[in-house]
Amino acid sequence: MAENLDLSEFDDIPDRVARAKAKAEAMRKAKGGAGPAPAKKAPARKAATTADRAAAARALTAKKEEGAVEREVILQRTPAPPTIRPGPPRAVAVSEGGITTRRGFLSWLTLAWVAFASAAAAGLAATGRFMFPNVLFEPPQSFKIGTPDEYDLGVDERWKDRFSIWIVKNTEGMFALISVCTHLGCTPNWLANEGKFKCPCHGSGFYSTGINFEGPAPRPLERARIVLADDGQVVVDKTRKYQYEKGQWENPESFLKI
């Protein structure tokens, strides 16, 4: 079978290779003339690259050494931090919620006792207040105001704030006017310059005798019982009141003759 192979077509291969080399050489000479082949320049470039890498490595090493020196100088200039010595261990108390200091535990215990005592005191106070009825403390309705010669003619206001009365004295005697306006219960003021009582709420006006003459007040002021005690002092009793429109000012106890 091998004897039948035709190898004649491979006989001209050396001639074709020679012709290709000649053609390549002619093209190279036409472009730039003779010169070193590119294959011969590769070693030069490789050598240059190795030298550059060596120089770069030396420069990097120098920079690292310089940085190490600078760090050492900075560390030498930086003051060392103060030495903190550990103190004696504190006593601790173990609870269900964790570990707390003994001082904190005692603080919470004290606070709890204070809260308990306050609650107990409040409860006792409420219980004691419940045991006593509400009492409205009012000034006495019957009281002594001194002797008649202690008063001058005119309107005396010394008992207005304490007992809500005015003592009015004239040439015939003296009487006690209750300082409550007959309109809506406000407290009038005595205006000495104008010689009248004037209510600041709605403008009702009263003469020194208690008779109303202006404003919405429907009737005069009321008088309180006034008598002379056995010791010579004047006694005023506000539980007994006398009204002008009912003719009660004629009662001998509504006016004290002196």
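The secondary structure content of the chain amounts to four helices and 13 strands. Residues counted as buried form 21% of the 258 residues belonging to the chain. Restricting to contacts in the chain with at least 6 residues of sequence separation, those with at least 24 account for 42%. Summed over all atoms, the accessible surface of the chain reaches about 19800 Å², with 59% contributed by carbon and sulfur.

The strand order across the open sheet built from four strands is β7-β8-β9-β10, with neighbouring strands paired in antiparallel fashion. Edge positions in the sheet fall to β7 (189-191) and β10 (212-214), since each of these pairs with one other strand and no more. Neighbour-to-neighbour, the strand axes of this sheet turn through a mean angle of 35°, independent of strand direction.

Counted according to the given criterion, the structure contains 10 salt bridges. Between Lys196 and Glu194 there is a salt bridge, with its nearest N and O atoms 3.2 Å apart. According to the relative accessible area criterion, Glu194 is exposed, its value standing at 51%. Of the charged contacts, one joins Arg219 and Glu222 as a salt bridge, the two residues approaching to 3.1 Å between their closest N and O atoms. Three or more residues joined by partner-sharing salt bridges are found here, namely Glu194, Lys196, Lys198 and Glu214.

The backbone phi angle of Ser164 is positive, close to 60°, even though this residue is not glycine. Its location among the elements puts Ser164 in the loop between α4 (160-163) and β5 (165-169).

Let's shift gears to the pairing of strand β6 (residues 173-178). The element β6 is largely enclosed, with a buried count of six among its six residues. Every second residue of β6 is oriented toward a common face, with Gly173, Phe175 and Leu177 on one face and Met174, Ala176 and Ile178 on the other, all of them buried. Two strands pair when backbone bridges link them, and β5 and β6 are joined in this way by five bridges, in the antiparallel orientation. The partner of Val168 across the bridge, within β6, is Phe175. What sits between the antiparallel neighbours β5 and β6 is a turn of three residues. In this structure, β6 lies alongside strand β11 (residues 223-228), joined through two bridges in antiparallel fashion. Bridging across to β11, Leu177 finds its partner in Arg223.

Let us look at the state of the cysteines. Considering all chains together, one arrives at one disulfide under this definition. In this structure Cys181 is a free cysteine whose sulfur lies 3.9 Å from that of Cys199, the closest cysteine sulfur available. The class of Cys181 is buried, set by a relative accessible area of 4%. Of the residues examined, Cys199 reaches a relative accessible area of 3% and is grouped as buried.

Scoring rules and cut-offs
Residues numbered from 1 in each chain as written. Predicted model: local features only at pLDDT ≥ 70, side-chain atom pairs only at ≥ 80, totals over all residues. Heavy atoms only, no water. Helix = DSSP H or I, 4+ residues; strand = E, 2+ residues; numbered from the N terminus. Buried < 20%, exposed > 50% of the residue type's maximum accessible area, 1.4 Å probe, protein only. Contact = heavy atoms within 4.5 Å. Areas by Shrake-Rupley, 256 points an atom, 1.4 Å probe, with all protein chains shown as cover. Pairing = 2+ DSSP bridges. Axes fitted to C-alpha atoms, helices over the stretch in contact; angles between N-to-C directions. Salt bridge = Lys/Arg side-chain N within 4 Å of Asp/Glu carboxyl O. Disulfide = S-S within 2.5 Å.

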